[in-house]
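Survey of secondary and tertiary structure
Chain residues, written in single-letter form:
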Amino acid sequence: MLLLPKFPRLFVFFLLCAISSLAAGDLAVAQRVVALSGMPEAARAQMRALEAEAKRKNPDLPGSTWEKLEKELYSPKMEEQMSRLWAETYTTSELTQIEKFMGTPVGRKFFRNNQTLMPRLAASAALESIQLLDILQTEHPDRFPPDPHKDAQVKQLFEVLQKGALPGAHR
């Protein structure tokens, strides 16, 4: 039988604090890794491209909407969240090693290219899955009906393979 504390809100509060607590050193190293990685800049470049497309399609929206988006786009929240994720994923020692690697020419190239390589690798794996599904659909059409959206998905995956998914990422 599970025994719950008499004051469940206080218990939840302390539980959340314990789960989310990170050593200051972990977070500091993670912040440096995030800064070196270029991930925030690449993400912002992608968001700016989406914003430009949204502006083009919605020219009648008030300027205050775009001002709010710009304010959010340049808020430090993204770096804070990315840093927290890195610190939750790696130890301080591992983060320090990653930081040292990122300080090398190969490390910088790895992180720059990784921003376009990872989506392309995922698209390649997705295309392979579609090919496997094609075999199943050909061999057993009664069990694996055709997907009416497959052609659009394949086209989108080929676009990702050709140019990567993140505008603004460098090679």
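Before any of the text, the structure's been laid out above.
My aim in this report is to walk through the structure given alongside it, one point at a time. These numbers were taken from a predicted model, which means no experiment stands behind them.

The terminal C-alpha atoms of helix α7 (residues 105-139) lie 50 Å apart, and with 35 residues this matches the ideal 51 Å at 1.5 Å per residue to within 8%. The sharpest bend along α7 reaches about 45° and sits at Asn114. Among the residues making up α7, those that are buried are Gly107, Phe111, Gln115, Thr116, Pro119, Ala123, Leu127, Ile130 and Gln137.

All right, on to the packing of helix α6 (residues 92-102) against α7 then. At a minimum axis distance of 6 Å, the contact between α6 and α7 shows a crossing angle of 100°. Comparing their axes, α7 and α6 come out roughly perpendicular. Facing Ile98, Phe101 and Met102 of α6, the residues of α7 in contact are Val106, Gly107, Arg108, Phe110 and Phe111. By residue class, the composition of the contact of α6 with α7 is six nonpolar, one polar and one charged.

Mapping Leu136 onto the fold places it in helix α7. Residues Leu136 and Pro146 lie 10 residues apart in sequence; the distance between their C-alpha atoms is 10.0 Å. Setting aside residues up to four positions removed in sequence, Leu136 forms contacts with Pro141 and Phe144.

With that settled, consider the packing of aromatic side chains. Summed over all chains, the structure comprises four aromatic pairs. For the pair Phe110 and Phe111, a centre-to-centre distance of 5.1 Å together with 85° between the ring planes defines the contact as edge-to-face. Among the aromatic residues, those joined into a cluster by ring pairs are Trp86, Tyr90, Phe101, Phe110 and Phe111.

Over its 14 residues, helix α8 (residues 150-163) runs 20 Å from end to end, which matches the ideal 20 Å to within 8%, given 1.5 Å per residue. What α8 keeps buried is the set Val154, Leu157 and Val160. Projection of α8 onto a plane perpendicular to its axis shows the buried side chains occupying an angular sector of 120°, all on one side. Summarising the geometry of α8, the exposed residues directed more than 90 degrees from the buried face are Asp151, Ala152, Lys155, Gln156, Gln162 and Lys163. Packed against the buried residues of α8 are α7.

Criteria and thresholds
- Residues numbered from 1 in each chain as written.
- Predicted model: local features only at pLDDT ≥ 70, side-chain atom pairs only at ≥ 80, totals over all residues.
- Heavy atoms only, no water.
- Helix = DSSP H or I, 4+ residues; strand = E, 2+ residues; numbered from the N terminus.
- Expected span 1.5 Å × (residues − 1).
- Bend = angle between axes of the 7 residues up to and from the residue.
- Buried < 20%, exposed > 50% of the residue type's maximum accessible area, 1.4 Å probe, protein only.
- Axes fitted to C-alpha atoms, helices over the stretch in contact; angles between N-to-C directions.
- Parallel < 35°, antiparallel > 145°, perpendicular 65-115°, else oblique.
- Contact = heavy atoms within 4.5 Å.
- Nonpolar A, V, L, I, M, F, W, Y, C, P; charged D, E, K, R; others polar.
- Phe/Tyr/Trp six-rings, centres within 6.5 Å; stacked < 30°, edge-to-face > 60°.
- Arc of directions from axis to C-beta.

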